[in-house]
Structures are given as structure tokens and as C-alpha cells.
Amino acid sequence: MGKLIDGKWTSGDAVAPTNDKGEFERADSGFRGWLTADGSPGLDGQQGWRAEPGRYRLYVSLACPWAHRTLVVRALKRLDDLIPVTVVGPIMGKDGWSFAEAYGGTGEPLYGLDHLHQLYTRARPDMTGKVTVPVLWDEAEQTIVSNESADILRMLSTAYDGLGAAPGDYYPADLRAEIDAVNDRVYPGLNNGVYRAGFATRQDAYEAAAREVFATLDWLEERLADREWLVGERLTEADIRTFTTLVRFDPVYHGHFKCNWRRLIDYPRLSDFAARIAELPGVAATIDLDHIKTHYYRSHPDINPTGIVPIGPAHGVVGEADGG
Ligand SMILES: N[C@@H](CCC(=O)N[C@@H](CS)C(=O)NCC(=O)O)C(=O)O
């Protein structure tokens, strides 16, 4: 793992993501602009950018659960022709996310870049901070509008509604309080909880995180006892945010991140829930299990020094032709 310091890419121990208690700590995102239909400010007053067809591009990893959120909303809103996508290679090595063939990438179409950190310094030459996906890039001003997936998911839900996007607001005003409450539990306990379990460097930090992961899955399974969606009676961002972690659970988090108390298939309602979302138009195409497995098992030498990608699981998983 590495980061930019004063515009220079730096990797090694100096940028280790755990604190002195062996707990994984996720850094804040550095760019927090907001696309809106008319360029007015975002939901919390963030700097607004006017949505225009073809002007903005998403840079994503197909492996990353945070980037995956933005691909799901792009698919559901049928934004494919309005917002093009560039995908980084699955392997995150010492140079971070890369477009180069050596890391499984297929090139960067706009500027011929080799690595994602070069896009960040194009936006901010003296940048200090993490270089993460997703990135919402403005081709007109050659800068980053946002690199926060939670915000991008929300802004894409409405910004293109006057420009041909499919209907559907996944953060509707009447459900916001309840969506926020579910997110406040699912983010630390599950989305980031699997990372806190996987990247912990001390037994107590790992156990606390792993137990929280399963307490959160138990809670979600219970919540789905008498409802189809986590909030209200329709799909919301709370479902999408949960979905992208569930998809990766049995193929990756169960083994690689040591979240092996149970599997997703041991939770019948959550399994059905994930399969239901995967069946929505366009969503299955956003799941690339090869990319997902290759990324995790080959990008974290501290956890998996041989880089061997395991063959399982034998049972079907969400996103496989006959799985879910
Ligand atoms: N808060 C960010 C987090 C994104 C994130 O952490 N992405 C990971 C990939 S799953 C990443 O790019 N990590 C690169 C690094 O940590 O150096 C978001 O949700 O958009």
C-alpha cells in the first residue's frame, strides 16, 4: 500500500494503515464535490458541478466494494452512455492501482497513464493522501469531482434525471433517516468490518472486528424476516451498500479476511436478498468474480504472501451464472 506525499508516490511501512493497537484505520476521501442537474450545491452544501452527458468518467476497480456501489447505481439508472468507465487492473502492487498490463490492466484511454496516482496529481500536483477508487473525473476541467463512493452513489441517483437516466431515487427524502440509521450500522460492522478483521495485526483487534461482522449479518438476517428491502418497500442505497459486501463474502472475505464463523449461504434471507439485487437489470454485469478474487488474494502480501488464488467455493455464489 502507498500514498501520495507532496505529489510524490510513496510506498512502504511509513504508510501502514494500522494504528499502534493493530487496528485498521480507513483514511478520509480527499475530494468531495457533487454533481447536480444544474450545478447547484450538493445535499450538504458541497461544491456543485453540472451534470452533462459524457463530461464525467468513473475510474473504478471491479474488485472494490466501494467502487462497485457506483457501478450498481450507474447500471440501475442506465447511465452507461452518459458516464463512461475506466477499470484499473485487478492487482494493486507497490505502485498502487494501475492501468498497466503488468497489473492486469488494459490501459488508460484519456492520457495514457500507467497508474491511478498520476490522475490524482493531474488534479492536484502537490496532493498528499491515499489514492483510492472510485474516482469521478471531470474531463472538461481535468480534475476530480469526488472520490467518495457514498457521495457518488447518492449524486448519480438524481443528477442525470433530466438527461435520460432511468427513474429511481435510491436516497429518497422520506426514507433518509432510516437509511442513515441502517448505513450507520452496516458500514462499521460489515462494509468496513470485514477489512478491520482482515487487516488487523493483533488477535484482539481481529476478534472484535470479526465478531462485529457476524453480529451485523445476524441483525440483517433478522431484519429481512418480514421485509424484502432493508428500508421501506423498495430498493434504496442501504441495500446497494450492503449488497457489494455480500457478493464478496464467500469468495473472499470468508477465507482471505478470516471472516469464517459462517458463510453467506448460511444466511438464507441475506442470500436471497443478494440474489434478488443481482437480478435487477444490468447489475449482474457489474460483478466480476475473477477480478475480485485475483485482486484480494494477489494484492495483500502481508496476508497472503504466496499470492495463490484459492479455487473455491464449490457452492454457487452471487454473480456466477448458476450461483446465488
Ligand atoms: N471512502 C472511500 C474508500 C475507497 C477505498 O478505500 N478504496 C480502496 C479499494 S477497495 C482503495 O482504493 N484503496 C487503495 C489504498 O488504500 O491505497 C470510498 O468509499 O470511496
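In this text the structure is predicted, and so the values were computed from the model without any measurement. (Residues numbered from 1 in each chain as written. Predicted model: local features only at pLDDT ≥ 70, side-chain atom pairs only at ≥ 80, totals over all residues. Heavy atoms only, no water.)

(A) Quick peek at the UniProt feature "binding site: glutathione" (unreviewed entry) in the chain. The sites that UniProt annotates as "binding site: glutathione" (unreviewed entry) are Trp 97, Lys 130, Val 131, Thr 132, Val 133, Glu 148 and Ser 149. Note on placement: Trp 97 falls in the loop between β6 (85-87) and α2 (116-123). The residues contacting Trp 97, other than those within four sequence positions of it, are Ser 61, Val 88, Gly 89, Pro 90, Met 92, His 115, Leu 116, Val 131, Val 133 and His 295. On the secondary structure map, Thr 132 appears in the loop between α2 and β7 (135-138). (UniProt positions renumbered as here; feature names shortened; annotations may be inferred. Helix = DSSP H or I, 4+ residues; strand = E, 2+ residues; numbered from the N terminus. Contact = heavy atoms within 4.5 Å.)

(B) Fine view of the environment of Gly 107. Considering the arrangement of structural elements, one finds Gly 107 in the loop between β6 and α2. Distance from Gly 107 to Val 87, taken between C-alpha atoms, is 8.6 Å for residues 20 residues apart in sequence. Contacts of Gly 107, omitting those with residues within four sequence positions, involve Thr 86 and Phe 99.

(C) Layout of the site of the ligand. In the vicinity of the ligand, 17 residues are found, and the nearest of them are Arg 26, Cys 64, Trp 97, Glu 148 and Ser 149. Backbone polar atom of Val 133 to an oxygen atom of the ligand: 3.0 Å apart, as the coordinates give it. Among the residues making up the shell around the ligand, the classes are represented as 9 nonpolar, 5 polar and 3 charged. (Near = heavy atom within 4 Å. Polar contact = N/O pair within 3.5 Å; in protein donor to acceptor, adjacent residues only side chain to side chain. Nonpolar A, V, L, I, M, F, W, Y, C, P; charged D, E, K, R; others polar.)

(D) Expanded view of the packing of aromatic side chains. Overall, the coordinates contain 18 aromatic pairs when judged by the stated rule. Of note, Arg 276 hangs over the ring of Trp 229, and the distance from its end group to the ring centre comes to 5.3 Å. (Phe/Tyr/Trp six-rings, centres within 6.5 Å; stacked < 30°, edge-to-face > 60°. Lys NZ or Arg CZ within 6 Å of the ring centre and 35° of its normal.)

(E) Region of interest: the side chain of Arg 55. Within the secondary structure, Arg 55 is located in the loop between β4 (48-50) and β5 (56-60). Classification of Arg 55 by relative accessible area gives buried; the value is 14%. Here Glu 52 takes part through its side chain, which lies 2.9 Å from a polar atom of the side chain of Arg 55. Filtering out sequence-adjacent residues up to four positions away, Arg 55 remains in contact with Trp 49, Arg 50, Trp 137, Asp 138, Glu 139, Ala 140 and Glu 141. (Buried < 20%, exposed > 50% of the residue type's maximum accessible area, 1.4 Å probe, protein only.)

(F) View of the state of the cysteines. What the rule picks out here adds up to 0 disulfides. Free of any disulfide, Cys 259 has its nearest cysteine sulfur in Cys 64, 16 Å distant. Given a relative accessible area of 0%, Cys 259 falls into the buried group. (Disulfide = S-S within 2.5 Å.)

(G) Summary view of helix α3 (residues 149-156). The buried fraction of α3 amounts to 8 of the 8 residues, a majority that puts the element mostly inside the structure. By the burial criterion, the buried members of α3 are Ser 149, Ala 150, Asp 151, Ile 152, Leu 153, Arg 154, Met 155 and Leu 156. Among the residues of α3, the N-terminal cap falls to Glu 148, whose side-chain oxygen and the backbone nitrogen of Ala 150 are separated by 3.0 Å.

(H) Just unusual backbone geometry, in detail. In this structure, Pro 134 follows Val 133 across a cis peptide bond, with omega equal to 0°. Its location among the elements puts Pro 134 in the loop between α2 and β7. The peptide bond linking Gly 312 to Pro 313 adopts the cis configuration, its omega dihedral lying at 0°. Considering the arrangement of structural elements, one finds Pro 313 in the segment after α9 (289-299). At Asp 6, a residue that is not glycine, the phi angle is positive and equals roughly 50°. Turning to its location among the elements, Asp 6 is positioned in the loop between β1 (2-5) and β2 (8-11). The phi dihedral of Lys 258 is positive, around 60°, even though this residue is not glycine. Position of Lys 258 among the secondary structure elements: in the loop between α7 (237-253) and α8 (268-278).

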